[in-house]
Amino acid sequence: MIKETDAKAKPIDMHVHIVGNGSGGTGCWLRVRGWHRPLAAMMVRHIGLPAGAMEGNLDGLYVERLIKLVRDSSLGAVVILAQDDVYDENGRVMEGVGSFFVPNDYVLNLAAMHREFLPAVSIHPARPDALEELERCLANGAVMMKCLPNCHNINCNDRRFTRFWERMAAAKLPLLAHTGDEHTIPVVRKEFADPRILTLPLECGVTVIAAHCGAKSGLFTSEYFHVFAEMTKRFPNLYGDNSAFNVPIRGRHVPKCLREPLASRMVHGSDFPVPVHGHFAWMHGFVTWKDFRRCENNPNTLERDYQLKLAMGFAPESFTRIWGLLRRTAAYPQAVGRR
């Protein structure tokens, strides 16, 4: 058992994806096509899994590897993310559009079995049963909700979703929402990458974490970091995570994130299994050559990401701030202190 006082001093990675192909009867599915296939294979190898894992027992291998990485790292826990299907505006599944699916029950059960995990569910608010599913997930210990508006086809500002956001606010369930462009999974509505798509949930009182702070990752894609920065002045309940800041371009705004007023709005996430390399940070002078080499030689991708961000200058509290934002639950008291 880890004491609550000890746990609060430990960092947490609040942006870790669960992926599976259903081989373990988990209900997960994976549908990778075209140029996304070699990208997915690269990510699998990068986290230390065999090349054939995608066609094999991916469910079991992935979780086993993730648990080992957490235990061998400086982290107190990781928030694992479910992934809902893609729905149209009328609440119908858009068949063949989504590239992977991770059931809420799967992450809730994983978190119940493994003390290293905290469960973040994923619910498309256009689903006919969205409110019922939200209540069910709250009852079973969800500490956060995750969505990708541009990939899930979610117009978060649709007034029809007001009751959904208000219920999240009342339950103190934070929302982790992707912002900025996306390349690892198919995009349905690229304009929903704009952080302003999150205005309604913020107005409803939901604590919102803008994944990637709206930063772009492609040379010719739209940049929304400045929009995110401006929105933090208006909404005290808006935060940003530094996930995928160790891939080219996405982390170009690190110096601004290290200074106030943004520094006190930052939380730590890796975007695992997205590859972690320090080359971009070193080339831009965010880390020294010595720190770059030290971190690059660490085979643990979760620890490498954490150590690189420490070397960049992210404050210690940015790695523990999420403890105060996650929903407190009786099922998972480690959301405020490890059980």
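Residues numbered from 1 in each chain as written. Predicted model: local features only at pLDDT ≥ 70, side-chain atom pairs only at ≥ 80, totals over all residues. Heavy atoms only, no water.

## Digging into helix α12 (residues 289-296)
Taken residue by residue, α12 has Phe 292, Cys 295 and Glu 296 as its buried positions. The buried residues of α12 all sit within an arc of 95° when viewed along its axis, so they share a single face. Where the residues of α12 are buried, they touch α11 (279-283) and α13 (301-312). (Buried < 20%, exposed > 50% of the residue type's maximum accessible area, 1.4 Å probe, protein only. Helix = DSSP H or I, 4+ residues; strand = E, 2+ residues; numbered from the N terminus. Arc of directions from axis to C-beta. Contact = heavy atoms within 4.5 Å.)

## Describing the packing of α12 against α13
Describing two packed helices takes the angle between their axes plus the distance from one axis to the other. Their axes nearest at 9 Å, the elements α12 and α13 cross at an angle of 170°. The orientation of α12 with respect to α13, classified from their angle, is roughly antiparallel. Of the residues in α13, those touching α12 at Asp 291, Arg 294, Cys 295 and Glu 296 are Arg 304, Gln 307, Leu 308 and Ala 311. (Axes fitted to C-alpha atoms, helices over the stretch in contact; angles between N-to-C directions. Parallel < 35°, antiparallel > 145°, perpendicular 65-115°, else oblique.)

## Remarks on the nonpolar core
Counting 55 residues, the largest nonpolar core has Met 145, Phe 164, Trp 165, Met 168, Leu 175, Leu 238 and Phe 314 as the members making the most contacts within it. Setting aside residues up to four positions removed in sequence, Trp 165 forms contacts with Pro 125, Met 145, Cys 156, Leu 175, Leu 200, Pro 201, Cys 204 and Val 206. Counting residues in each nonpolar core, the second largest holds 34 residues, with Val 44, Ile 67, Leu 69 and Phe 100 among its members. (Core = buried A, V, L, I, M, F, W, Y, C linked by side-chain atoms within 4.5 Å.)

## Some points on the pattern of salt bridges
The full count for this structure, using the stated rule, is 19 salt bridges. The closest approach of N and O atoms between Arg 127 and Asp 129, which form a salt bridge, is 2.9 Å. Judged by its relative accessible area of 33%, Asp 129 is partly exposed. Among the salt bridges present, the one from Glu 203 reaches Arg 159, with a minimum N-O distance of 3.9 Å. Of this pair, Glu 203 sits in helix α8 (residues 199-203) while Arg 159 sits in the loop between α6 (149-152) and α7 (162-171), and the two are 44 residues apart along the sequence. (Salt bridge = Lys/Arg side-chain N within 4 Å of Asp/Glu carboxyl O.)

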